[in-house]
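# Chains, contacts and geometry: an overview
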Amino acid sequence: MRFATSAVMFGAMLTRATAFGVRQPTFTSVAAGGASRLTSSAASKTALKANVLKLSDAKTELLDQVDTFIFDCDGVIWRGDSLIEGIPETLEKLRKLGKKMFFVTNNSTKSRAGYKKKFDSLGLDIPAEEIFSSSFAAAAYLEQTKFKETGKKVYIIGEVGICEELDLIDVPYIGGPADSDKVPNMGKGGKLEIDEDIGAVIVGFDRDVNYYKIQTAQLAINEEGAEFIATNLDAVTHLTDAQEWAGNGSMVGAIIGCTGQQPTVVGKPSPLMIEYLESKFGMERSRICMVGDRLDTDVLFGTDNGLKSLLVLSGVTSEEKLLSTENTITPDFYADDINAFFEEEMAKVEETV
C-alpha cells in the first residue's frame, strides 16, 4: 500500500487553497432543529433551491450521468462500527457497472492504513488507493508548505491517525495520545511551560481532549505564532450507531475561542481533495457525484466544486432539516441510503419471484 507517495501530489494542490477561502473560514451560529451549529462561511456560496428531489429513477437521474462516486464514510457506509445494511451488495453492483469509487472521510482518528483495516474488518475489500482521510490531508498540507524545513514540530490535538500520517512524512510532533492524561498546574502561581519549537497546531477529533491540550494549543498559537490547522469542522459525528456525538467542530471551536484566530481547514468542503483526484485520475467534474450525510461538508463540497451531489438520510441530516426553509445548502437529489441506487432493480426482481 503506497500511502506516503501520494502525499506529494496531493500537496501540490494545496497552494490554491487560500483562493477558495479555505484558510480563513468564519463561523456563525445557525439554528438547526433548535441546536446551535458551527458552519463555514463557504455555505453562502450555495443558493437556495426551491425543491430538492428525492431519487426516484436512479438509473436515469444518476447512474447514467455519473462515472465516479465519492463517498463519505461515517453515516454513508457505516455508523460507528456497524456497517449499514446492503452496502456491500450496492458497492459490488457499482463496480460491475464500471463506476470509479473513492472514500473520503473527514474523520482524522485513523490514518489511511487505519481506515483500510476498518474496511477490511467490515468485510469490504476496498483498495488502499481509494481511501482518503483528513489526517492524510493535514500531513500533505505540511509537506507542501515545507514545514519540515523550518525545524519546528507539530502539536497535535487528535488521535493516532494524525500521528501515523506525520510519521510517514517524517515530521516531528508532540501531544496527541501522549498528553491524554496530563493536567496543568493551576495552583497559586502555576503556569504551563510549552515547547518553544512548536510551529503548528493540528486540531483533529480527540476523544481524550483535555484542558492541558487546549492550553498548550492556546500558548503555542498566541505566544509562539504557531499555525492553526483543522482537519475539519464537523459539528457532530457517529461514534456509535445509537446517537450523534459532538464532532471536531467542538474542539476547533475551543481553540478559536481562546485564540481569536481562524484555522486553515484541510478536510471537506475544502477543494483540495477534488483537485487532487482530478489531477491524478483525469476525471471530469460534471461526471462526479459526491455522496454524503452532511449538508455543510459533503453537499457543500459537491456544490461548490462543480460536482453532482446526493444527500443520504442514513447519517446526521434528517429529511426535515434538509427540506426546511432555513436550509440554504441543497443537493441535486437525496435518498434514504445508497441502496436506493438499485431499488428499482430489486423491486423488479421481487415482482418476478
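These numbers come from a predicted model, not from an experiment.

### Details of the pairing of strand β7 (residues 100-105)
- Of all the 6 residues making up β7, 5 are buried; the element is thus mostly covered by neighbouring parts of the structure.
- Here β7 pairs with strand β8 (residues 131-133) via 3 bridges, running parallel. Looking at the pairing, T105 lines up with S133 of β8.
- Chirality of the crossover, the property in question, places the unit of β7, helix α4 (residues 112-121) and β8 among those that are right-handed.

### Re the confidence of the model for the protein chain
- Put simply, the protein chain has an average pLDDT of 87, and 83% of its residues get 70 or more.
- Considering only residues more than four positions removed or in separate chains, one finds that residues 15-50, a stretch of pLDDT under 50, has 77 contacts.

### Details of unusual backbone geometry
- A cis geometry characterises the amide bond from K268 onward to P269, with omega recorded as 10 degrees.
- Here P269 is to be found in the loop between β15 (264-265) and α9 (272-281).
- The phi torsion at K146 lies on the positive side, around 55 degrees, for a residue other than glycine.
- Its place among the elements puts K146 in the loop between α5 (134-144) and β9 (153-157).

### Concerning the sheet that holds strand β10 (residues 173-175)
- Read from one edge to the other, the open sheet built from 5 strands follows the order β10-β9-β11-β12-β15, with strand pairing classed as parallel. Every interior strand has two partners, whereas the edge strands, β10 and β15, have only one.
- Two elements, strand β12 (residues 227-230) and β15, share 2 bridges in a ladder whose sense is parallel. Pairing of I229 across the sheet is with T264, part of β15.
- Each of β9, β11 (198-203) and β12 touches helix α7 (residues 211-224); the most contacted strand, β9, lies at about 140 degrees to it.
- Most of the contacts of helix α8 (residues 248-259) go to β12, to which it runs at about 160 degrees, and overall it touches β9, β11 and β12.

### Some points on the packing of α7 against α8
- At a minimum axis separation of 10 Å, α7 and α8 run at an interaxial angle of 45 degrees. Between α7 and α8, the angle is such that the two are oblique. For the crossing formed where α7 meets α8, the hand is right-handed. Together, I214, A217, Q218, I221 and N222 of α7 and A254, I255, C258 and T259 of α8 make up the contact between the two elements.

### Here we look at the sheet that holds strand β17 (residues 308-312)
- The strand order across the open sheet built from 7 strands is β3-β18-β17-β16-β4-β7-β8, with neighbouring strands paired in parallel fashion. At either end of the open sheet lies a strand with only one pairing partner, and these are β3 (53-54) and β8.
- In this structure, β17 lies alongside strand β18 (residues 333-335), joined through 3 bridges in parallel fashion. Across the sheet, residue L310 finds its bridge partner in β18, namely F333.
- With respect to the sheet, α5 is in contact with β7 and β8, its orientation differing from that of β8 by roughly 70 degrees.

Rules and cut-offs
Residues numbered from 1 in each chain as written. Predicted model: local features only at pLDDT ≥ 70, side-chain atom pairs only at ≥ 80, totals over all residues. Heavy atoms only, no water. Buried < 20%, exposed > 50% of the residue type's maximum accessible area, 1.4 Å probe, protein only. Helix = DSSP H or I, 4+ residues; strand = E, 2+ residues; numbered from the N terminus. Pairing = 2+ DSSP bridges. Right-handed = clockwise from strand over helix to strand, strands pointing away. pLDDT = per-residue confidence, 0-100. Contact = heavy atoms within 4.5 Å. Axes fitted to C-alpha atoms, helices over the stretch in contact; angles between N-to-C directions. Parallel < 35°, antiparallel > 145°, perpendicular 65-115°, else oblique. Left-handed = near helix turned anticlockwise from the far one by under 90°.

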